[in-house]
Structure formats: structure tokens, C-alpha cells
Amino acid sequence: MPDTPEQPVQILDADADADSAGAELDAVAEYLYGLVPDDFVPERDAAVARARESGDRELARGIGRLRRPTRAAWLANLLARHRGEQLDGLLGLAAGLADAQRTLDGGALRQLSSKRHQLVAAMAREAGRLAMQAGDPAAESVLRELQGILDAALARPDIAAQVRSGRLTRTVSYTGFGPEADPGATPTPAPSERIPAAPEQTDVAEADPAAAERAEQERAERARAERERRERTLAEAEAEEDAALARQQADEYARDAALEARDAARNRVAELIAELDAARERERDAASATRDAEATAKSSARAAGAAATRTARARARLDEA
């Protein structure tokens with residue numbers, strides 16, 4: 001029984017450690033996704049190395065899983081970080097678009113569509129200015145990809161959440177118009193376009209309730225069939241999108257690996273050049289030392305020859321005596 005009170009303390013410590021690790025990973029991600037794309041991989045790798053050196057392998061793995069954003073995704077992240085209020089204003093159009101799409105309100109759709117295009121274009125231009133300020137100007141093609149991302153965010157709440165996070169990594173697009181319409185939706189024309197029901201139809205319904213019921217069942221069947229068709233189409237489109245995203249992520253991983261290999265090769269070339277320069281310097285020093293040694297040896301040989309001459313003369317004089 002005395003050991004019982006210790007268990008909650010251990011659990012709280014584990015939770016605190018997990019919260020701390022999550023906060024540290026979040027801080028690293030916040031920093032990395034604020035960088036220009038070309039700086040992302042080297043800075044991420046440096047962060048992984050620091051985590052490993054500190055012994056936190058779980059943090060190192062978490063950082064290593066962070067993916068470099070595409071340039072269009074980076075522009076969206078710039079908007080989320082520096083123009084969050086304007087971005088929220090744009091994404092706020094999604095609810096109105098959804099309502100207009102569900103009711104098939106043509107007038108509202110046209111009005112909201114025009115406003116959406118204007119705001120998306122304005123936000124893309126603002127992102128271009130932010131990229132210029134960051135020192136990494138965006139090409140027109142990248143700005144068009146950003147517009148596709150913003151359109152997709154207006155159509156899909158999950159993408160909108162990714163854009164708002166400021167940590168989007170991939171370029172997404174949407175070819176439809178807002179959320180998919182409800183197959184059972186009833187068009188809502190403008191007041192001037194409303195057409196009263198034909199008297200003959202009312203008379204038929206009152207005269208033959210069974211026929212009216214059959215007609216209603218047929219309409220329901222057609223609506224159900226249309227909904228099923230659209231659901232199949234949506235499922236196929238989502239499957240294609242998932243496959244495309246998987247290919248994109250695989251390609252991005254391969255690209256990151258290639259970039260890392262290129263950087264490693266460049267670093268190795270720099271090391272070899274430095275080693276070669278050092279070896280050449282040693283060669284020059286050795287050559288200079290060789291020349292000095294040869295000169296010293298010649299001087300020593302001359303001195304030895306002179307000493308031998310003096311010795312021979314001294315011996316000769318001694319013999320004469």
C-alpha cells in the first residue's frame with residue numbers, strides 16, 4: 001500500500017515529458033515552416049542532429065518526418081503567418097458558397113464566385129509581395145498554383161485547416177465549384193423567375209392520387225440514383241486524389257533524398273578540395289625544405305673539401321720537417 005501514491009506521480013511525469021517533447025517538436029516545426037523552401041532541408045537536418053546529440057531520438061524522428069513544403073504551399077504558409085485576418089476573410093466565403101451550392105441558388109453562386117475570384121487573386125498578389133520581402137520571389141506559375149490551393153481550401157474544410165495552420169507541405173487543387181451539391185437540392189430561382197404550378201397538374205393529382213404517388217416515387221428513385229452516381233464519382237475522384245497525393249509525397253521524399261545526397265556530395269567535394277589544397281601546401285613546403293637541404297649539403301661538402309685540403313697540407317709540412 002505505501003507504494004500506491006507514487007504511481008500518479010510517475011504518470012504525471014510521463015505526461016509532462018510527452019507534453020514537453022510535443023511542445024519542442026511544435027517549436028521546431030514552427031521555425032522550419034517559416035523558412036524559405038531552400039533552407040528547410042539543411043535546417044531540418046541540423047535540428048535532427050541536435051536532437052540526436054542530446055539523446056532525444058524520438059524528437060529526432062519527429063523532426064525528420066517533417067516534409068519540405070512546395071513553393072506554392074510555402075506561399076500559403078506566408079499568408080497564414082502574416083495575413084491571417086485576410087485569409088480568414090477569404091475562407092469565410094466557404095459557408096456562403098456551400099449554402100448557395102446546396103440550394104442551387106444561381107444568383108448567389110454568381111455573386112459569390114465573382115467575389116471569390118477577386119479575393120483569391122488579391123491574396124495571391126499579396127503572397128507574391130511577401131515572398132519578395134523574404135528574398136525568394138515567386139514565379140507566375142507558382143502564384144497560379146497558390147490560387148488553386150486557396151480554391152481547394154474554400155471547397156474542403158480539411159484543406160482550409162491545413163492552410164490556416166501555416167504548415168502546408170503540398171500543392172493541392174480543386175476543379176469543382178464549392179462543396180458538392182446535394183442531389184436532392186431544390187433550385188431557388190430569383191422571385192421574377194418563379195413559375196406557378198400548371199393547373200392541369202393539380203387537377204391530375206387530385207383526380208388520380210395513385211398516379212401522383214407513382215410520379216413522386218419515380219422522382220425519388222431518380223434522385224436516389226443520381227445521388228449514388230455522384231457518390232461513386234466522388235469516391236473515384238477521392239481515390240485518384242489519394243493515389244496522386246501518395247505519388248506526390250513519394251516524389252517529394254525522393255526529391256528531398258536527392259537534395260540531401262547532392263548536398264552531401266558537395267560537402268565531400270569541398271572537403272576533398274580542402275585536403276588537396278593542404279597536400280599541395282605540404283608539397284610546396286617539402287620542396288622548399290628539399291632545396292634548402294640540398295644547398296646546405298653542398299655547402300657542407302665544400303667545407304669538408306676545404307678541411308681535407310688543409311689537413312693534407314699540414315701533413316705534408318709535418319713530413320718535410
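Heads up: the structure comes first, above all this text.
What you are looking at is a predicted structure, and each value in this text was computed from that prediction instead of being measured.

Reading the values: the criteria
Residues numbered from 1 in each chain as written. Predicted model: local features only at pLDDT ≥ 70, side-chain atom pairs only at ≥ 80, totals over all residues. Heavy atoms only, no water. Helix = DSSP H or I, 4+ residues; strand = E, 2+ residues; numbered from the N terminus. Buried < 20%, exposed > 50% of the residue type's maximum accessible area, 1.4 Å probe, protein only. Contact = heavy atoms within 4.5 Å. Areas by Shrake-Rupley, 256 points an atom, 1.4 Å probe, with all protein chains shown as cover. Axes fitted to C-alpha atoms, helices over the stretch in contact; angles between N-to-C directions. Parallel < 35°, antiparallel > 145°, perpendicular 65-115°, else oblique. Nonpolar A, V, L, I, M, F, W, Y, C, P; charged D, E, K, R; others polar. Expected span 1.5 Å × (residues − 1). Core = buried A, V, L, I, M, F, W, Y, C linked by side-chain atoms within 4.5 Å. Phe/Tyr/Trp six-rings, centres within 6.5 Å; stacked < 30°, edge-to-face > 60°. Arc of directions from axis to C-beta. Polar contact = N/O pair within 3.5 Å; in protein donor to acceptor, adjacent residues only side chain to side chain. Salt bridge = Lys/Arg side-chain N within 4 Å of Asp/Glu carboxyl O.

Q: What should I look at first to understand the overall build of the protein chain in this one?
A: The secondary structure content of the protein chain amounts to eleven helices and zero strands. Along the protein chain, from the amino end to the carboxyl end, the secondary structure elements read α-α-α-α-α-α-α-α-α-α-α. Within the protein chain, the proportion of its 321 residues that are buried is 25%. Pairs at least 24 residues apart make up 73% of the contacts formed inside the protein chain by residues separated by at least 6 positions. When the accessible area of the protein chain is evaluated, it comes to approximately 20900 Å², of which 54% is carbon and sulfur surface.

Q: So what exactly am I meant to see when it comes to the packing of helix 2 (residues 37–53) against helix 3 (residues 57–64) here?
A: Two measures define how a pair of helices packs: the angle their axes make with one another and the distance between the axes. At their nearest, the axes of helix 2 and helix 3 sit 8 Å apart, and the two run at 170° to each other. Considered as vectors, helix 2 and helix 3 are oriented roughly antiparallel to each other. Packed against helix 2, whose contacting residues are R44, A47, V48, A51 and R52, the element helix 3 presents L59, A60, I63 and G64 at the interface. The residue makeup of the contact of helix 2 with helix 3, split by class, is six nonpolar, one polar and two charged.

Q: So what exactly am I meant to see when it comes to helix 8 (residues 140–155) here?
A: Every α-helical turn comprises 3.6 residues, leaving residues that sit three or four positions apart pointing alike. Spanning 16 residues, helix 8 covers 23 Å between terminal C-alpha atoms, matching the ideal 22 Å at 1.5 Å per step. All of the buried residues along helix 8 are V142, L143, L146, G148, I149, L150, D151, A152, A153, L154 and A155.

Q: Can you walk me through the nonpolar core in this structure?
A: Nonpolar side chains in soluble globular proteins tend to be buried together. By size, the foremost hydrophobic cluster in this structure holds 33 residues, and its most contacted members are L75, L146, L150 and V163. Among the secondary structure elements, those contributing two or more residues to this core are helix 4 (71–82), helix 5 (84–91), helix 6 (93–103), helix 7 (106–133), helix 8 and helix 9 (157–165). Leave out the neighbours within four places in its chain, and L75 touches A127, A131, A138, V142, L143 and L146.

Q: How should I be thinking about the packing of aromatic side chains in this particular structure?
A: Here a ring pair, both rings aromatic, is described through the centre-centre distance and the interplanar angle of the planes. Under the defined criterion, the tally for this structure stands at one aromatic pair. On the numbers, 5.1 Å between centres and 45° between planes, the contact of Y33 with F40 is tilted. Classification of Y33 as buried rests on a relative accessible area of 4%.

Q: In this structure, what is going on with helix 3? I would like to understand it.
A: Every buried residue of helix 3 is listed here: L59, A60, G62 and I63. One face of helix 3 carries all of its buried residues, which in axial projection span an arc of 165°.

Q: When you look at the side chain of D136 in this model, what are you seeing that I'm missing?
A: Within the secondary structure, D136 is located in the loop between helix 7 and helix 8. Residue D136 is classed as buried on the basis of its relative accessible area of 14%. Here the side chain of D136 touches R71 through a polar contact of 2.6 Å, side chain to side chain.

Q: So what exactly am I meant to see when it comes to the pattern of salt bridges here?
A: Two side chains that carry opposite charge are able to pair once their charged atoms sit near each other. Counted according to the given criterion, the structure contains 19 salt bridges. The salt bridge involving D38 is made with R68; its shortest N-O contact spans 3.5 Å. With D38 in helix 2 and R68 in the loop between helix 3 and helix 4, this residue pair connects regions lying 30 residues apart in the sequence. One network of salt bridges, in which partners are shared, links D26, E30, R81 and R167.

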